[in-house]
Amino acid sequence: MVSEEIKEIARKLIVFSRRIYERNLTYGCGGNLSMRVRNKIFITPSKGLSRTMLDFDESEVIILDELGNVIHPCRDIKPSIETQMHLLIYKNRKDVNAIIHAHPPYTIIASRFPKIIEQAKREAGEFYWDFVTVPYHPPGSSKLASAVANAAEKAEIIILVDHGIVTLGKTLEEAYVKLEEMEMRIKIIIMRHLIQATL
């Protein structure tokens, strides 16, 4: 029998998964979220190529131990392909209890333009958090997991070139605010450059 605490954690992951999708902070089948509660990791499932963040429910949230062994559910549901990345971050950052990985379009565009990234870094660092970028590695690969986990030792926000973003927090709410703030800040910078180019 599933406890009320587990149900509540699963509901929170579903709420934020849908919020990220509905606010255009990811698209298609991309993105994954997790929370650490005591010594257990709650993570969104692998969605394949035919489902979005709107298409799963709380019964499909996976519970892992800190080594990545599946505790719940027993059905044939696989955890996110980025599970290794989440586990390594939690191993390296004992102060982090929530991770969001999303594919915000303006952040992905900006990842190819160092001038925009540097401007965003100055503005974000002045008011909020520092962030780092990591080069492209294939999604779900051990190279990506290691690169992001290493970067996460230095920052709360990690931009993945040509891929997306990873944000960390003590809570899911905190990780979400960093995601939305970063995407909106980069969008403003890009729009500012576009407008200036027409004047």
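In case you missed it, the structure is sitting above this.
Residues numbered from 1 in each chain as written. Predicted model: local features only at pLDDT ≥ 70, side-chain atom pairs only at ≥ 80, totals over all residues. Heavy atoms only, no water.

Colleague: I keep staring at the sheet that holds strand β4 (residues 70-72) and nothing clicks. Help me out?
Modeller: Hydrogen bonds between backbone groups are what pair the strands of a sheet, and the pairing can be parallel or antiparallel. Across the sheet, 8 strands lie side by side as β4-β3-β2-β1-β5-β8-β7-β6; this open sheet has mixed pairing. Every interior strand has two partners, whereas the edge strands, β4 and β6 (131-134), have only one. Put simply, the sheet's adjacent strands are angled 20 degrees from each other on average, direction ignored. Of the strand pairs in this sheet, strand β1 (residues 32-37) and strand β5 (residues 98-102) are connected by 4 bridges, and their pairing is antiparallel. Looking at the pairing, S34 lines up with I99 of β5. Sheet contacts for helix α5 (residues 142-151): β6, β7 (157-160) and β8 (164-169); angle to β6, the most-contacted strand, approximately 160 degrees. Against the sheet, helix α6 (residues 172-198) engages β1, β5, β6, β7 and β8, with an angle of about 140 degrees to β8. (Pairing = 2+ DSSP bridges. Helix = DSSP H or I, 4+ residues; strand = E, 2+ residues; numbered from the N terminus. Axes fitted to C-alpha atoms, helices over the stretch in contact; angles between N-to-C directions. Contact = heavy atoms within 4.5 Å.)

Colleague: Whenever I open this one, the pattern of salt bridges confuses me. Can you help?
Modeller: One side chain can pair with another of opposite charge once the charged atoms of both are near each other. Using the criterion set out here, one finds 13 salt bridges in the structure. With its nearest N and O atoms 2.7 Å apart, the salt bridge here joins E5 to R38. A residue pair is termed long-range when its members are at least 10 positions apart, and E5 in helix α1 (residues 4-22) and R38 in the loop between β1 and β2 (40-43) qualify at 33 residues. Of the charged contacts, one joins R93 and D95 as a salt bridge, the two residues approaching to 2.8 Å between their closest N and O atoms. Looking at R93, the relative accessible area reads 10%, which means it is buried. Look at the salt bridges and you will find they share partners, linking R93, D95, E156, E174 and K178 into a network. (Salt bridge = Lys/Arg side-chain N within 4 Å of Asp/Glu carboxyl O. Buried < 20%, exposed > 50% of the residue type's maximum accessible area, 1.4 Å probe, protein only.)

Colleague: Looking at this model, I keep getting lost on the packing of aromatic side chains. Mind explaining?
Modeller: Centre distance and the angle of the planes are the two values used to describe a pair of aromatic rings. Enumeration over the complete set of coordinates arrives at 1 aromatic pair. In this structure, R19 is placed above the aromatic ring of F16, and the distance from its NZ or CZ to the ring centre is 4.6 Å. (Phe/Tyr/Trp six-rings, centres within 6.5 Å; stacked < 30°, edge-to-face > 60°. Lys NZ or Arg CZ within 6 Å of the ring centre and 35° of its normal.)

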